[in-house]
Every structure is written in structure tokens, then in C-alpha cells.
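Here's the letter readout for the chains.
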Amino acid sequence: MNAVANAIAPAAAPLDLSQPGIEPPLAATAIDKRYDGQTVLAGASLQLEPGAVLGLIGRNGAGKSTLIRVLLGLVEPDAGQARVWGQSSLMLDDARKARLGYVPQQPEALSWLKVGDMLDFVGRFYPRWDAGFVAATLDRWGLPRNKVLAKLSPGERQRVAIIRALAPRPDLLVLDEPAAALDPVARRELLREIAQRAGESGTSVLFSTHIVSDLERAASHVAFMHEGRVVLQTELDTLKERHLRLRVPASAAAQLDGRVPGEVARRALADGALSIVIVRDEGDAWPALATAPGVHADVLSLEDLFVEVAE
Ligand SMILES: Nc1ncnc2c1ncn2[C@@H]1O[C@H](COP(=O)(O)OP(=O)(O)OP(=O)(O)O)[C@@H](O)[C@H]1O
């Protein structure tokens, strides 16, 4: 799919997203992707549930953008399956495309057009295009209708791309580091808008970020990406009840036989001790190691957890 084709989704027959058994808005299973011999995705799996706001967090180069592009069918994986509402991302029908909004990391499509002309043009292809929202938001964000997109600052272009993605009132919104070029005020506004759309209209949202506080503000779920894999996906509300960091002293570490039940990350400390992050299912007990003599257990903040799984 080229940039222009991707920019426009043809008007289509409505897709009934309330029908029983409808598949999750996004699902990636065991995705592999290599570029020039470099492994970028190595068995990455991710699922976005209807109405959830999933924040995808990971360090630079972890593979977030590539996974998003695979999920949307913009990049063909070497292995694995990506699906949008149950349909292969590489063969998305018009009905699904019309219900999907995407803000790429660097919006470039149709950049020779003026802001207003581009929005009017794209809007013609969407049955649910909200022209009132476009006019009000351009105004509120101080964006000039008559300026060519290519001449806007990166932050302004990102705002226009956000308006374009939100205007069709999508049921699925995918934003690749939407906050990267935005100032703090615009960032907060965007996060508020995302949370509101999810809360009021049931929009399902996937957004990638490096900013832990953005996740805390807007996300209901978080997925941590590290070296091409999603190493952990969890609900934000239960994160603290379900995860623990264990500091295992050298004497106990020497007796460990393989992985601890629920282990998601392990790091060797300077004195032969180990730092191990474990997860449990809701209602399950912690493994015996958590209460073993000399083992210290810590509840983790979101930022601690990110650092532990991404180190
Ligand atoms: N088209 C491409 N050709 C070659 N290498 C690529 C291509 N796209 C991505 N990569 C490489 O894949 C790796 C992961 O890139 P990706 O953009 O997916 O990471 P990211 O987690 O989104 O990073 P960031 O947070 O810095 O945006 C990087 O090393 C990048 O150079």
C-alpha cells in the first residue's frame, strides 16, 4: 500500500462491530521481521481488546513502529500473522479501512496540499467524517487552513495528522509516537481526547510512546517491547498487584534451578545477587521464592517495570 492509498479509505458498507464473536481490533501472533539481515521483530505477539487503550512502550529501536506497520498491513512480515478485526492485515477490506484511523510517526502523505484542501479531500472518502470537529480543532490548535502541509513545523504536521485520523470517528485508532513532536499542552490535550473517545465511544486505541507518564494518563493496558518482542502485556490497574521484583541474595541465587514461575525479567546484580521480576494471574499465590529467607520483594511502579524489562 503506498502513502496516498493509505491516506484514503474508500467509503464502504458499514461493518457491524457489535456482532457476537467479532475478533479483536488488532492481533499480532508470532511476528518475525528482518531488514538487511538484522532481526527487528522476533516472535512479537500483541492483542488489542475492544475499547482498550493500549500503550506500547519500548526503547529506541525496540521495533514498535515496525510492529505497528505490520499490524496495519503496511509491512509484510517474514513470519506470523497480523489481523484487524479478524481479517489479515495484508488484505484489509474497505469496510475495515474506513473504521481505522492511523497517525504515522512522520506524517508525509499528501504534503503538497494545503491543510484545508487535504482535509476536505480525504473527508470525502469517509461516511462518518466530522467536519465540525475538523473546523473546531483547527481553530483551537491555531492551524492555518491555507498553508501547504510541507511548510508546517513537525509538531503542526503531527497535529494535522491527528485531526485527520480522528475526524472519521474511527472505531480503531493507531498512533505511532503521537506525542513526539507535540508541546506539553498539545500532548495533554491529545491524551485527554484519546481517553474521552475510548470512554464515550468505545474507540479501541493503540499508541506507542517512550513517555511513561503519558501511559499513566491515558492507557488502560500497557505492552512492553524489547528487542523485537512484546515481553509483557498487562492491565494498568492491576499492574502493582500482579508484579513483584525479587532481590535474591547470592546464596539463594546459586540454588535456583531454571526459571522462577511467572518470571518475566532477570538481571544479575554486582554481588552475585539476582533481580527477578515475576508476574502472577489474578487471585494466584506468589511462588515460594517470594517469601524465602533473605529474598526481598518490592512492588514496582510502571517506570520501574519498564526499566527492568528493557535493560
Ligand atoms: N525499512 C527499514 N529498513 C531497514 N531497517 C529498518 C527499517 N525499518 C526499521 N528498521 C530498523 O528496525 C529497528 C526497529 O525500528 P523501529 O522503528 O521499529 O523501532 P522503534 O521501537 O519504533 O524505535 P523508536 O522508538 O526509535 O521510534 C531499527 O534498528 C531500525 O533501524
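Residues numbered from 1 in each chain as written. Predicted model: local features only at pLDDT ≥ 70, side-chain atom pairs only at ≥ 80, totals over all residues. Heavy atoms only, no water.

Now for the sheet that holds strand β7 (residues 172-175). Here we have six strands laid out as an open sheet, ordered β6-β7-β8-β3-β9-β10, and mixed in their pairing. Looking at the sheet topology across the chains shown, the edges are occupied by β6 (100-103) and β10 (229-235). Across the sheet, the mean angle from the axis of one strand to that of its neighbour is 15°, orientation sign disregarded. Pairing of strand β9 (residues 221-226) with β10 involves six bridges; the strand directions are antiparallel. When the sheet's bridge partners are listed, His 221 is paired in β10 with Glu 235. Contacting β3 (53-58), β6, β7, β8 (204-209), β9 and β10, helix α2 (residues 64-71) crosses the sheet at an angle of about 150° to β8. (Pairing = 2+ DSSP bridges. Helix = DSSP H or I, 4+ residues; strand = E, 2+ residues; numbered from the N terminus. Axes fitted to C-alpha atoms, helices over the stretch in contact; angles between N-to-C directions. Contact = heavy atoms within 4.5 Å.)

The next subject is the site of the ligand. In the neighbourhood of the ligand, 15 residues make up the surrounding shell, with Gly 61, Lys 64, Ser 65, Thr 66 and His 210 lying closest. Here an oxygen atom of the ligand and a side-chain polar atom of Gln 38 are 3.0 Å apart. At 3.1 Å from an oxygen atom of the ligand is found a side-chain nitrogen or oxygen belonging to Gln 105. Sort the elements by how many residues they give to the shell around the ligand and α2 lands first, with three residues. (Near = heavy atom within 4 Å. Polar contact = N/O pair within 3.5 Å; in protein donor to acceptor, adjacent residues only side chain to side chain.)

If you walk through the whole model with that rule in mind, you get three aromatic pairs. Pairing Phe 121 with Phe 125 gives two aromatic rings, centres 5.3 Å apart and planes at 80°, and the pair type is edge-to-face. The exposure class of Phe 121 is partly exposed, given its relative accessible area of 26%. Relative to Phe 306, the ring of Phe 224 has its centre 6.3 Å away and its plane inclined at 25°; by these criteria the two rings are stacked. Taken as a pair, Phe 224 in strand β9 and Phe 306 in helix α11 (residues 302-310) lie far apart in primary sequence, 82 residues in all. Judged by its relative accessible area of 1%, Phe 224 is buried. With relative accessibility at 13%, the residue Phe 306 sits in the buried group. (Phe/Tyr/Trp six-rings, centres within 6.5 Å; stacked < 30°, edge-to-face > 60°. Buried < 20%, exposed > 50% of the residue type's maximum accessible area, 1.4 Å probe, protein only.)

Burial analysis of α2 places six of its eight residues in the buried class, the great majority of the element. Within the sequence span of α2, burial applies to Lys 64, Thr 66, Leu 67, Ile 68, Val 70 and Leu 71. Trailing α2 by a residue or two, Gly 73 shows a phi angle of about 80°, which is positive.

Right, let's get into the sheet that holds strand β14 (residues 296-299). Overall, antiparallel pairing links the four strands, which are arranged β12-β13-β11-β14 in an open sheet. Sheet topology places β12 (263-268) and β14 at the edges, where each strand pairs with a single neighbour. Taking each pair of neighbouring strands and ignoring which way they run, the sheet shows an average axis angle of 20°. Pairing geometry for β12 and strand β13 (residues 274-279), over five bridges, is antiparallel. Its bridge partner being in β13, Glu 263 is matched across the sheet by Ile 278.

It is worth spelling out the nonpolar core at this point. With 52 residues, the main nonpolar core has Phe 207 and Phe 224 as its most contacted residues. For this core, the element with the highest residue contribution is helix α6 (residues 154-166), accounting for six residues. Composition of this core by domain shows at least three residues from each of domain 1 (3-235) and domain 2 (239-310). If we skip the residues at most four places from it in the chain, Phe 207 touches Val 53, Leu 54, Gly 55, Leu 56, Leu 175, Pro 178, Leu 191, Asp 214, Leu 215, Ala 218 and Ala 219. Within the second largest apolar cluster, 31 residues are counted, among which are Ala 52, Leu 92, Tyr 102 and Val 230. (Core = buried A, V, L, I, M, F, W, Y, C linked by side-chain atoms within 4.5 Å. Domains from an automatic or database assignment.)

The next point concerns the pairing of β9. In terms of residue burial, β9 counts as a mostly covered element, since five of its six residues are buried. Pairing of β3 with β9 involves five bridges; the strand directions are parallel. Paired with Gly 58 across the bridge in β9 is Met 225. Between β9 and β10, which pair antiparallel in sequence order, lie two residues; one of them, Glu 227, sits at a positive phi of approximately 45°.

The subject of this paragraph is the UniProt feature "domain: ABC transporter" (unreviewed entry) in the chain. Following the UniProt record, the feature "domain: ABC transporter" (unreviewed entry) maps to residues 26-252 here. Note that residues 26-252 is 34% helix and 30% strand, and that its end C-alpha atoms are spaced 42 Å apart. (UniProt positions renumbered as here; feature names shortened; annotations may be inferred.)

A cluster of like negative charges, contributed by Glu 235, Asp 237, Glu 241 and Glu 282, occupies part of the molecular surface. Along the chain, Glu 235 falls in strand β10. With a relative accessible area of 34%, Glu 235 lands in the partly exposed category. (Patch = residues over 30% accessible without salt bridge, like charges linked within 9 Å, V, L, I, M, F, W, Y side chains within 5 Å. Areas by Shrake-Rupley, 256 points an atom, 1.4 Å probe, with all protein chains shown as cover. Salt bridge = Lys/Arg side-chain N within 4 Å of Asp/Glu carboxyl O. Lys, Arg positive; Asp, Glu negative; His and termini not counted. Charge placed at Lys NZ, Arg CZ, Asp CG, Glu CD.)

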